[in-house]
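What follows is the residue order along each chain.
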Amino acid sequence: MLQSAVAPLVGKINLKPLVIAVSRSFRSSSVAADKIVCVLYPDPSTGYPPKYPREGIPDITKYPDGTTTPNPKATDYTPGELLGCVSGGLGLQKFVEEAGHEFVVTADKDGKGCEFEQHLVDANYVISQPFYPAYLTKERIEMAPNLKAAITAGIGSDHVDLQAAIDNAVDVCEVTFCNSISVSEHVVMMILALVRNYIPSHEIAKNGGWNIADCVQRAYDVEGMKVGTVAAGRIGLAVLKRMHPFDCDLHYCDRHRLSREIEEQYNLTYWDDWKKMVKELDVVTLNCPLHAETEHMVNAETIKLFKCGAYLVNTARGKLCDRDVIVKALEEGNLAGYAGDVWFPQPPPSDHAWREMPFHGMTPHTSGTTLSAQNRYAAGTREILECYFAGKPIREPYQIVTNGALAGAGVHSYTEGNATGGSEEAVGKHSH
């Protein structure tokens, strides 16, 4: 999650025996059987809990493919609450402590000697979100001889060195499908915002202006444009379905081809090589996982394949794209716009080049951590912990690495290797 500053949040918490008072960016319970270290983003700058604009969220029990949403035995929060920050604690503290385990929550995750590293040395489980990832590099995994599993509260486990996890028999899992629709909605929003030049037009209105020519000189209709996704899994296919009513010419590339029925229903054109596909597209959206084979897939050579004036939307992972190549393509007009909510590392430094590049629609990493999505991935994380505590296997689709090998969704979506290089530049420290 993008943050240029993470201020210390100081306040007292409810104390229990053997617990000392700590800052609100860090919490701990008493020593017990297993130690769960949970890295979450800092609380709202206005305090916690926030004032919610709505009461509750829709009750969704099944995903579009018919599989059920997470179903833990119970939860200790109200759906729609802010759970992904330190004080929210994913709604896990009561459950973990009543099960007899230690629960630690911190936002201080980067740099030598950070609170995360201090607790990693005797941690049994690490929980973190893709939006504010606790990077588990080879060095950090080797610091944690008792580590049983790295749990992603969300989707995307590239912040873990998968090869090191395999070599050290550390399980890796995530809450598959929990926020796929959330992200797909964000993609559609960003496509429309770029093509219709929404953000500059909004700024003109905010600043008291009314020069319509300034607004529309870069504004187009998406109708009739060739729109394509690199990867058509849960997110990519959801994007295609949502763009279909806009009467676009839809394309996709994936190593797992969709059924003929789906291709005909949404009038999809299949490509077996994304490099050939992008030559034809007006809008490209990246929806593939980050692993050793996809790192910097958009680079100084492949950017030349894009149509001049194409729009690129990336809500998958920032490291799919070479940072400086994107900046240059926008400055020189080869890309008409770039939008996304994923950066590398996260949080990025305040001088990250994507903050100031022209014609961008970047946001912090928020697409998959709406209050709606948090309800599902918090419940999924609890479901996973319930299984681990009971010695039962977790759902097969949640598995990325199990017993020293890729498993479940990991076999389908990842390759062995490491994509965490450069993560030391992240600035997730409450001292900033």
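Residues numbered from 1 in each chain as written. Predicted model: local features only at pLDDT ≥ 70, side-chain atom pairs only at ≥ 80, totals over all residues. Heavy atoms only, no water.

### A word on the overall build of the chain
Step number 1: The number of helices and strands found in the chain is 13 helices and 14 strands.
Step number 2: A globule of 432 residues ought to have a C-alpha radius of gyration of about 22 Å, and the chain, at 22 Å, matches this closely.
Step number 3: Taking the principal axes of its C-alpha atoms as reference, the chain extends roughly 65 × 50 × 40 Å.
Step number 4: The proportion of buried residues among the 432 residues of the chain is 56%.
Step number 5: Sequence-distant contacts, at least 24 apart, represent 71% of the contacts inside the chain between residues at least 6 apart.
Step number 6: For the chain, the accessible surface area stands at approximately 18,900 Å², while carbon and sulfur atoms represent 51% of it.
Step number 7: Charge separation in the chain, taken as the distance between the mean sites of 40 positive and 53 negative side-chain charges, equals 3 Å. (Helix = DSSP H or I, 4+ residues; strand = E, 2+ residues; numbered from the N terminus. Rg over C-alpha atoms; globule rule 2.2 N^0.38 Å. Buried < 20%, exposed > 50% of the residue type's maximum accessible area, 1.4 Å probe, protein only. Contact = heavy atoms within 4.5 Å. Areas by Shrake-Rupley, 256 points an atom, 1.4 Å probe, with all protein chains shown as cover. Lys, Arg positive; Asp, Glu negative; His and termini not counted. Charge placed at Lys NZ, Arg CZ, Asp CG, Glu CD.)

### Comments concerning the environment of Tyr 270
Step number 1: Assignment of secondary structure puts Tyr 270 in strand β9 (residues 268-271).
Step number 2: Setting aside chain neighbours within four positions, we find Tyr 270 in contact with Tyr 252, Asp 254, Arg 257 and Glu 263.
Step number 3: Looking at Tyr 270, its side chain comes within polar contact range of the main-chain oxygen of Asp 254, at 3.1 Å. (Polar contact = N/O pair within 3.5 Å; in protein donor to acceptor, adjacent residues only side chain to side chain.)

### Notes on the sheet that holds strand β12 (residues 335-340)
Step number 1: A sheet is described by the order of its strands in space; here 6 strands give the open sequence β9-β8-β7-β10-β11-β12, paired in parallel fashion. The open sheet is flanked by β9 and β12, the only strands paired with a single partner. Going across the sheet, the axis of each strand differs from the next one's by a mean of 20°, ignoring polarity.
Step number 2: Here strand β8 (residues 249-253) pairs with β9 via 4 bridges, running parallel. Note on β9: the bridge partner recorded for Cys 253 is Trp 271.
Step number 3: Each of β7 (226-230), β8, β9 and β10 (283-286) is contacted by helix α8 (residues 234-243), which is oriented at about 175° to β8, the strand it contacts most.
Step number 4: Along the sheet face, helix α11 (residues 323-331) touches β11 (310-314) and β12 and points at about 140° away from the line of β12. (Pairing = 2+ DSSP bridges. Axes fitted to C-alpha atoms, helices over the stretch in contact; angles between N-to-C directions.)

Function cannot be inferred from these measures alone, as they are strictly geometric.
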